[in-house]
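Residues per chain, in single letters:
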Amino acid sequence: MVSRHPSIGFRQSFEQFREAGKGWNHKRVKRVYREMKLNIRRRAKRRLPERVKQPLVVPTEINHTWSIDFISDSLVDGRKFRILNVMDDFNRESLALEADTSLPALRVIRALEKIIKTKGKPKYLRTDNGPEFISYLLRQWCILNNIIILYIQPGRPMQNAYVERKNGSLRRELLNAYLFDSLREVRIMCEEWRVYYNTERPHKALKYLTPVKYAEQYYRSPIADQPLYPQTANENTLKIKESRLVDKILEKPMPEKSKTPVSN
């Protein structure tokens, strides 16, 4: 029975024995089951280390932080496919839309290396805790390239809000608007949409400029030559400086001590 159906397990085996009229005790059957080493191996759930909440800030330069994520859809014939979405948090530029039926860690590394050849290397990668992103291969590749991975907390997609917002635009404007017959069609239309997103589509968070024009205007302005402090996601500049706080404390006049003698 077990040789024909190796995945049925002890409980199903015992119930079939009982239906067949065997009067064996379940303890005896389980002892023989274990002695024959028929136990089904269960994959232990991989425990994630504790993730520290990282502030979602607006970088002040290109290639400071890249956000990456996956978005899934299906073809007309029902086959599933995934799209690797990579963007630069500074100007919301879409760096890559890699589509395929399977995108393991090696494929993610290959896509990132392709971007680095033309755009340069980022300082940080912001990702969720998907198996492709927590894999040993990707982590070792980041260490070799001096790239720090910022993992969001499980169940907190809002901590990767920039790429999640772009996922919504991609699904609303492309994936939900068209039916795809093949992966080749998906790749062609994703690349066309990516170029449109970067060069023609105005972005509200960039004061209705395209990502390319926003980067061009920023680096032409004199502000780009001045050191800036990172801005939070709600565009409030972090104005706290330790040196100024110390100066304000020193400049504040100390209250004069009372010269009135204290009577006993």
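First, a word on scope: everything that follows refers to the structure included in this document.

Scoring rules and cut-offs
Residues numbered from 1 in each chain as written. Predicted model: local features only at pLDDT ≥ 70, side-chain atom pairs only at ≥ 80, totals over all residues. Heavy atoms only, no water. Helix = DSSP H or I, 4+ residues; strand = E, 2+ residues; numbered from the N terminus. Buried < 20%, exposed > 50% of the residue type's maximum accessible area, 1.4 Å probe, protein only. Contact = heavy atoms within 4.5 Å. Salt bridge = Lys/Arg side-chain N within 4 Å of Asp/Glu carboxyl O. Axes fitted to C-alpha atoms, helices over the stretch in contact; angles between N-to-C directions. Parallel < 35°, antiparallel > 145°, perpendicular 65-115°, else oblique. Left-handed = near helix turned anticlockwise from the far one by under 90°. Nonpolar A, V, L, I, M, F, W, Y, C, P; charged D, E, K, R; others polar. Core = buried A, V, L, I, M, F, W, Y, C linked by side-chain atoms within 4.5 Å. Pairing = 2+ DSSP bridges. Expected span 1.5 Å × (residues − 1).

## Some points on the overall build of the chain
Summing up its helical and strand segments, the chain has eight helices and seven strands in all. Counting every position in the chain, which comprises 264 residues, the buried fraction comes to 35%. Sequence-distant contacts, at least 24 apart, represent 60% of the contacts inside the chain between residues at least 6 apart.

## Overview of the pattern of salt bridges
The final tally for this structure, using the stated rule, is nine salt bridges. Measuring nitrogen to oxygen at the nearest pair gives 2.8 Å for the salt bridge that ties Glu-93 to Lys-119. Taken together, the residues Glu-93 in strand β4 (residues 93-100) and Lys-119 in helix α3 (residues 105-119) connect sequence positions 26 residues apart. Residue Arg-187 is joined to Asp-100 by a salt bridge in which the shortest nitrogen-to-oxygen separation is 3.3 Å. In this pair, Arg-187 sits in helix α6 (residues 183-199) while Asp-100 sits in strand β4, placing the two residues 87 residues apart along the sequence. Since its relative accessible area comes to 37%, Arg-187 is described here as partly exposed. Sharing partners across several salt bridges, the network here consists of Glu-98, Asp-100, Arg-107 and Arg-187.

## Quick word on the packing of α3 against helix α4 (residues 136-144)
Angle between the axes and distance between the axes are the two parameters that describe a pair of packed helices. Viewed as axis vectors pointing N to C, α3 and α4 meet at an angle of 25°, and their least axial separation amounts to 8 Å. It follows that α3 is roughly parallel to α4 by the angle criterion. Crossing handedness for the pair α3 and α4: right-handed. Contacts between α3 and α4 pair Ala-105, Leu-106, Ile-109, Leu-112, Glu-113 and Ile-116 from the former with Leu-137, Leu-138 and Trp-141 from the latter. Tallied by class, the residues present in the contact of α3 with α4 amount to eight nonpolar, no polar and one charged.

## With respect to the nonpolar core
Most often, soluble globular proteins have nonpolar side chains that are buried together. If you look at the biggest cluster of nonpolar residues, it comprises 22 residues, and the most contacted ones within it are Leu-84, Val-86, Leu-112, Phe-133 and Leu-138. Beyond its immediate chain neighbours, meaning those up to four positions away, Leu-112 contacts Trp-66, Ile-68, Val-86, Leu-125, Leu-138 and Trp-141. In this structure, Ala-99, Leu-175, Phe-180 and Leu-183 belong to the second largest nonpolar core, which totals 16 residues.

## Observations regarding the pairing of β4
Burial runs high along β4: seven of the eight residues are buried. With seven bridges joining them, strand β3 (residues 80-88) and β4 adopt antiparallel strand pairing. Bridged to Asp-88 within β4 is Glu-93. In this structure, the hairpin formed by β3 and β4 is closed by a connection of four residues, where Arg-92 is found at a positive phi of approximately 60°.

## Things to note about α3
With 15 residues, α3 should reach 21 Å at 1.5 Å per residue; the first-to-last C-alpha distance of 21 Å fits that figure. Among all positions of α3, only Ala-105, Arg-107, Val-108, Ile-109, Ala-111, Leu-112 and Ile-115 are buried. On its buried side, α3 packs onto β2 (65-74), β3, β4, β5 (124-127), α4 and α6. Looking at the residues trailing α3, positive phi occurs at Gly-120, about 100°.

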